[in-house]
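So you can see what is in the structure, the chains are spelled out below.
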Amino acid sequence: MIDTHCHLDGEEFKDDLEAVIARACEAGMKAIGVPGIDLKSCDSVMALCERYPGFCFPMLGLHPEEVRNDWREVLAAIKQHIDISHSSTIIAIGEIGLDFYWSREFEEAQLQAFEEQVRWSVEMQLSLMIHCRKAQNEMVTILKRYKDDLPGGVFHCFTGNAIEAQELLQFERFVLGIGGVLTFKKSKLPVTLKEVVPLERIVLETDAPYMAPVPMRGQRNEPAFVAYVLQKLAETYGADEETVDAVTTANVERIFPSIVNKS
């Protein structure tokens, strides 16, 4: 298995990181994608991935909820980190995107910061790790401008309906990141996925330490728990777990080819 989105550099893992990594390996984890969210996390993400080379893979970017009035200066500094490291280690620009769930105070700044980082993806041919909440129309509008040139990426934490899924699937080099929400009792995601999303367009993720799947819901999430997402996906598609594991892993390797080369 590959966990494509896990905030292992967070404070939540500082006391037992070695044990968390050990449990991930024991569960059958092959690799973990670790996204940055701001300038400070550029250092913490890189340090963690240097500690576990060939297993943890860094992504750097500015999360929409971290966009403030100084976003231009912050992006310039993050870009320096990427320029220094990207040829050897960075697998994606992320976690970037749009989030208007809580507030639209920095709406214009978010739109501009997102588009700037999309341009980086085109320029450097690095895939995108995209966070989007209550902003799909705006996100799609921006991505369409670069559709033919984007190398691909992940629509992280997809929880939408069939219409929203179909709209995202028009970006042929992108996949949907599916995590713990799939396992929630009242989730409609299993029906949506089976109805319109081919298994070849899905990758596994935890978003740890957040969004732990059933039966671990309410606990701190961790990479090993992606096995529960895999089990639910197998149930959803009427396939065996080995097949789902092989297909989703191949999907990751297509989107993030450097994982194949370095893991």
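In short, a report on the structure. Just so it is clear, the structure is predicted and the values come from calculations on it, not from any experiment. (Residues numbered from 1 in each chain as written. Predicted model: local features only at pLDDT ≥ 70, side-chain atom pairs only at ≥ 80, totals over all residues. Heavy atoms only, no water.)

### Regarding the packing of helix H4 (residues 107-124) against helix H5 (residues 136-144)
- Where H4 meets H5, the closest approach of the two axes is 10 Å, and the angle between their N-to-C directions is 35°. You can see that H4 and H5 cross each other, and the crossing is right-handed. Seen from H4, the contacting residues are Leu111, Phe114, Glu115 and Val118; seen from H5, they are Glu138, Met139, Ile142 and Leu143.
- Of the residues assigned to the contact of H4 with H5, the class counts are six nonpolar, no polar and two charged. (Axes fitted to C-alpha atoms, helices over the stretch in contact; angles between N-to-C directions. Helix = DSSP H or I, 4+ residues; strand = E, 2+ residues; numbered from the N terminus. Left-handed = near helix turned anticlockwise from the far one by under 90°. Contact = heavy atoms within 4.5 Å. Nonpolar A, V, L, I, M, F, W, Y, C, P; charged D, E, K, R; others polar.)

### Quick word on the environment of Arg51
- Among the structural elements, Arg51 can be located in helix H2 (residues 39-51).
- Among residues more than four places away in sequence, those in contact with Arg51 are Leu17 and Glu18.
- A distance of 3.3 Å separates a polar atom in the side chain of Arg51 from a polar atom in the side chain of Tyr52. (Polar contact = N/O pair within 3.5 Å; in protein donor to acceptor, adjacent residues only side chain to side chain.)

### With respect to the pairing of strand E3 (residues 56-60)
- Burial runs high along E3: five of the five residues are buried.
- Burial along E3 is two-sided: Cys56, Pro58 and Leu60 and Phe57 and Met59, pointing in opposite directions, are all buried.
- Bridge analysis of strand E2 (residues 31-35) against E3 gives four bridges, and the strand direction is parallel. Paired with Gly33 across the two strands is Phe57, which belongs to E3. (Buried < 20%, exposed > 50% of the residue type's maximum accessible area, 1.4 Å probe, protein only. Pairing = 2+ DSSP bridges.)

### Some thoughts on helix H3 (residues 71-85)
- The end-to-end C-alpha distance of H3 is 21 Å, a good match for the 21 Å that 15 residues give at a rise of 1.5 Å each.
- All of the buried residues along H3 are Trp71, Val74, Leu75, Ala77, Ile78, Lys79, Ile82 and Ser85.
- Where H3 is buried, its residues touch H2, E3, strand E4 (92-99) and H4. (Expected span 1.5 Å × (residues − 1).)

### Focus on the nonpolar core
- Counting 78 residues, the largest nonpolar core has Leu8, Ile32, Cys56 and Leu143 as the members making the most contacts within it.
- Once residues within four sequence positions are removed from consideration, Leu143 is found in contact with Phe114, Val118, Leu128, Ile130, Leu150, Phe155 and Phe171.
- By size, the runner-up hydrophobic cluster in this structure holds 14 residues, among which are Phe57, Ala92, Val154 and Ile255. (Core = buried A, V, L, I, M, F, W, Y, C linked by side-chain atoms within 4.5 Å.)

That is the geometry; function is a separate question.
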